[in-house]
Amino acid sequence: MSLPDGLPNALPRPAGEREALQRAWEPPRGWRRLSAVNNSQIGVYYLATALVFFVLAGILALIMRAQLALPGSTLVTAGTYNQLFTMHGSVMMFLFAVPVVEAVAVWLLPNMLGARDLPFPRLSAYAFWAYAIGGLAFFITIFFGASPDGGWFMYPPLTSKEFSPGIGADWWLLGIGFIEISAIAGAIELIIGILFTRAPGMTLMKMPLFAWAVLVAALMVIFAFPALIAGTLLLELERAFDWPFFIAARGGDPLLWQHLFWFFGHPEVYIIFLPAAGMVTMMVPVMAGTPLVGYRAIVWALVAVGAISFLLWMHHMFTAGLGPLALHVTSVASFAVAIPSGVQVFAWIATFWKGRVRMHAPALFLLGFHFVFVLGGLTGVMLAVLPFDWQAHDSYFVVAHLHYVLIGGLVFPLFAGIYYWAPLYNGHRLSERLARWSFVLMFGGFNLAFFPMHIAGLAGMPRRVYTYADGLGWTLWNLLSTAGAFIFAAGVLLCLVDLVRTLARAEREHGDPWQADSLEWLPQGDYGVRSIPQIEARAPLWQRPTLAQEVEQGRHWLPGTVFGGRETLVTSPVDARIRHLLRLPGDGWSPFIAAAGTAGFFLLLTVYWIVPAVISGLISVVAMLVWLWGSDLPPLRATAAIGAGVSVPTVAAGRASHSWWATLILLAVDATIFASFAFAHIHVSMALDVCPPPGASLPTGGLWPAGLLLAASALMVWAQRSLERERQGWLRLAVVLAMGAAGGAIGLDLLTHLQNGLAPRADAWSATVAALLAWQGFHALVLLVMGGYVLARSWAGRLRTNARATLDNTALMFHGVVAQGLIGMALVRWLPAWMGG
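All values derive from a computational prediction rather than experimental measurement.

Chemist: What is the right way to read the packing of aromatic side chains from this model?
Modeler: The geometry of an aromatic ring pair is captured by the separation of the ring centres together with the interplanar angle, meaning the angle of the planes. Considering all chains together, one arrives at 58 aromatic pairs under this definition. Centroid distance Phe369 to Phe373: 5.6 Å. Interplanar angle 20°. Geometry classified as stacked. In this pair, Phe369 and Phe373 both sit in helix 11 (residues 361–383), 4 residues apart, roughly one turn of the helix. With respect to class, Phe369 is no different from Phe373; both count as buried.

Written out as structure tokens, the structure is:
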């Protein structure tokens, strides 16, 4: 399907084709905008909300800097200051940094990949609204004195019920924890979108490097964020039910929280940085007017950074009393991660050197990014040296390093991207004159704010102090930092005011103001591109100057709408060969209602309103089932014409289906949470002198529950075979029996433990066993809902051989739960024997 001599579609195109496409993708108006699911609307909402949280967190930082400007200040009390720095860090990391890179990806990637939209638009909408509603509810706790005050890392025992008896810690654990679910939902959407909806011909090694960066970061989200979810669940269980996971007096270990938190926390730094680096990689060659140097090297550098980052969680625990082997391995990894990061930096510098840099606003912020991020990287290497880290740990030197890496690695690229991609919104560029003032204020203010912190830290100033005495040698450095923070804020404000002013102008064609090389600069409508282009090179607009005209004339793939609705193409993950036509859902209220219900469930639990919380949770589940009900429908025709003489299937099943792969990724998230619980059990067990501890006992048996689990898995295979033979009655029987077998196995295993006197409050070992059982109990409910949904679709006549994704995905979930159940049973029963207990 290449284009050596011609195009997929010859002129002229049928009359009314463009109008039909516009009708199918027309966005809702007025208050109905809240029901939009298209990436062109959701991406803008996402970006705007993330920038609002950036400003709010910045205001908290300015109050903190005003408090620390002079010694002995009484602007805020110690308790208020603790809430301020906890909320500042939490909002910046959880409500700005990760969401903003996902927001940029949701907005840009479909157009950059030549797709009409991401493959699960309603999942994108759900992820956004869950984040927006939950984030707003979390932030306003600052106005009621109910905010958390244990730091954005929430270390126990400081955050245990004994030392944090209020609900501030619960707001963090339940509020932030469920916002991570939103991030995971967005990551699944982006992974599937990148792998399966690229334009035909866009092989992995022709893919824009921003897509590569987002793909690696999203995969990291899948394996990093579940550890935080597991940790927050364990700490909330401890606070709510007195299960002593982190209480040393009853066999728990506060370091367990640090392991789980930083297994998420250090990769998160690179989850934030990699997409920002991808943005830099897209802008540098355009600003230099020359192809990028070292494309393949950057691809492997992105993958290497993502892999190495998971070896670095103990980087934050050098002073926690770990063994010498762990310290030295982590130190080596901390040095090693600088190598692939340096590869990217040198590729950017080489590209600038090779071309002729046009000093427009994006180039200014890119140069500022290079200076700030490289300096932050160098101080990171310093902190990888164990003796130095022992001296600088928990000092303001670490605060300076953190901000040089995060602001240098994210904020400067983000603002470069704002100036670069703003014309895509309504065709207007931001003011170059104001941009130069904004850059000078931000770059100068940032360095004035944070460079003195290195010196204050080396002079002995510790982190997280709300005041200090005169005569310690810290006053000048704090005064300079405070002045710099306000100057930096003025630069940010200037840019954002100009952004609002520019985006309020009348819409016009955006054209290609930078003479860029990537597909997002093709003519776009609400439907994205008029026709999906065939790609032949990494820089398609430079390689084929006529591509914009060809696409706009409908001379490439899928120039209209086959079935009158929203559609895009699914291509193969590696070489981007066309597989089938994908029908996309339209706008609707279900994602908004589901997100509001999810937020209500978690937030109402925080204030112990159990019945309203359960009602909210049920509303969320019903809304999700409603939005799923209209999907996985039999096609009107088996094939669809997408080009001259080219037709493709309109449905896919099993491994050929993008939804099957999305379910598999969801299972990877699920398995990582389970692995975190298993790690907690192993960690607590290994700290015991005798396992199980005195007073606890191992459950007997286990063969019956294991046998029932295996039977459940086998029954779902039977259900799939029955569908292939069009035997709906046998299918329903198999599903009912599978639900009963899985539920019976999990219930029988729980009963066995209770008969052996399981007492989660007695000791941490018993609490970890109870956590594993509770996780399996939750899955019994999930399988009950999914199995019931399969039965409902079968009875409604919606489950057929050409509409079977619901059954295939449910069977996959059954297999995953069975595997977890078997591993959990073996772990609890056999680990003491393996340890010689």
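On we go.
Chemist: Quick question: what am I supposed to make of a nonpolar patch on the surface here?
Modeler: Together, Trp31, Leu34, Trp589, Ile593, Val611, Ile615 and Ile619 give the surface a local cluster of nonpolar side chains, amounting to about 690 Å² of exposed area. Residue contributions to the nonpolar patch peak at 3 residues, all from helix 20 (residues 610–629). Mapped onto the elements, Trp589 comes out in the loop between strand 2 (578–584) and helix 19 (590–606). Take Trp589: its relative accessible area is 30%, and that puts it in the partly exposed class.

Chemist: Can you walk me through the environment of Leu499 in this structure?
Modeler: Take Leu499: it is sitting in helix 16 (residues 475–503). Put simply, Leu499 and Ile418 are 81 residues apart on the chain and 8.2 Å apart in space, counted from C-alpha to C-alpha. Aside from chain neighbours lying at most four places away, what touches Leu499 is Leu51, Ile418 and Leu430.

Chemist: Explain the packing of helix 7 (residues 254–288) against helix 8 (residues 295–309) here, please?
Modeler: When two helices pack together, their arrangement is given by the angle between the helix axes and by the axis-to-axis distance. One way to put it is that helix 7 packs onto helix 8 with a least axis distance of 9 Å and a crossing angle of 170°. Regarding the angle of helix 7 to helix 8, the classification is roughly antiparallel. Handedness of the helix 7/helix 8 crossing: left-handed. Across from His266, Pro267, Tyr270, Leu274 and Thr281 in helix 7, the residues of helix 8 making contact are Ile298, Leu302, Val305, Gly306 and Ser309. Of the residues contributing to the contact of helix 7 with helix 8, the split by class is 6 nonpolar, 4 polar and no charged.

Chemist: Is there a simple way to explain the packing of helix 2 (residues 39–68) against helix 4 (residues 121–139) in this structure?
Modeler: One can describe the packing of helix 2 onto helix 4 by two numbers: an axis separation of 10 Å at closest approach and a directional angle of 20°. The orientation of helix 2 relative to helix 4 falls into the category roughly parallel. Along this stretch, helix 2 crosses helix 4, giving a crossing that reads as left-handed. Between helix 2 and helix 4, the residues in contact are Ile42, Tyr45, Tyr46, Thr49, Ala50, Phe53, Leu56 and Leu60 and Ser124, Ala125, Ala127, Phe128, Trp129, Tyr131, Ala132, Gly135, Leu136 and Phe139, respectively. Here the residues of the contact of helix 2 with helix 4 are counted per class, giving 15 nonpolar, 3 polar and no charged.

Chemist: In this structure, what is going on with unusual backbone geometry? I would like to understand it.
Modeler: Excluding glycine, residues mostly have negative phi values, and the peptide bonds linking residues are mostly trans. Residue Pro157 is bonded to the preceding Pro156 through a cis peptide linkage, with omega at 5°. Looking at where Pro157 falls in the secondary structure, it is placed in the loop between helix 4 and helix 5 (168–196). A positive phi angle, close to 60°, is found at Asp394, a residue other than glycine. Within the secondary structure layout, Asp394 lies in the loop between helix 12 (386–392) and helix 13 (396–421). The partly exposed category is assigned to Asp394, whose relative accessible area is 30%. Backbone geometry at Glu726 places phi at a positive 60°, although glycine is not the residue there. Here Glu726 is to be found in the loop between helix 22 (703–724) and helix 23 (728–755). Overall, Glu726 belongs to the exposed group, its relative accessible area being 61%.

Basis of the calculations
- Numbers given for residues are sequential positions, taken from 1 along each chain in its written order.
- The model is predicted, so local features are restricted to residues of pLDDT at least 70 and side-chain atom pairs to those at 80 or more, both for listing and for counting; the totals for chains, interfaces and linings are taken over all residues.
- Just so you know, side-chain values use all the structure's heavy atoms and leave hydrogens and water out.
- Side-chain rings of Phe, Tyr and Trp (the six-membered ring for Trp) are treated as a pair once their centres are within 6.5 Å; stacked means planes under 30 degrees apart, edge-to-face means over 60, and tilted covers the remaining angles.
- A run of H or I in DSSP counts as a helix once it spans at least four residues, and a run of E counts as a strand once it spans at least two, with each numbered from the N terminus.
- In this scheme, a residue with accessible area under 20% of its type's maximum is buried, one over 50% is exposed, and one in between is partly exposed, where area comes from a 1.4 Å probe on protein chains only.
- Only residues whose relative accessible area exceeds 30% and that take part in no salt bridge are eligible for patches, with like-charged residues grouped when within 9 Å of each other and nonpolar side chains (Val, Leu, Ile, Met, Phe, Trp, Tyr) grouped when within 5 Å.
- All accessibility values rest on the Shrake-Rupley procedure with a 1.4 Å probe; residue burial counts only the protein chains present in the view.
- By definition, a salt bridge exists where a carboxyl oxygen of Asp or Glu is found within 4 Å of a side-chain nitrogen of Lys or Arg.
- Should any heavy atoms of two residues lie within 4.5 Å, those residues are counted as being in contact.
- Working convention: axes come from line fits to C-alpha atoms, limited for helices to the stretch in contact. Angles between N-to-C directions cover 0 to 180 degrees.
- Here the word oblique covers every angle except those under 35 degrees (roughly parallel), over 145 (roughly antiparallel) and from 65 to 115 (roughly perpendicular).
- Here is the rule for handedness: rotate from the far helix to the near one, and if that takes an anticlockwise turn smaller than a right angle the crossing is left-handed, while a clockwise turn gives right-handed.
- Note that Gly is not counted as nonpolar here; it falls among the polar residues with everything else outside the nonpolar set of Ala, Val, Leu, Ile, Met, Phe, Trp, Tyr, Cys and Pro and the charged set of Asp, Glu, Lys and Arg.

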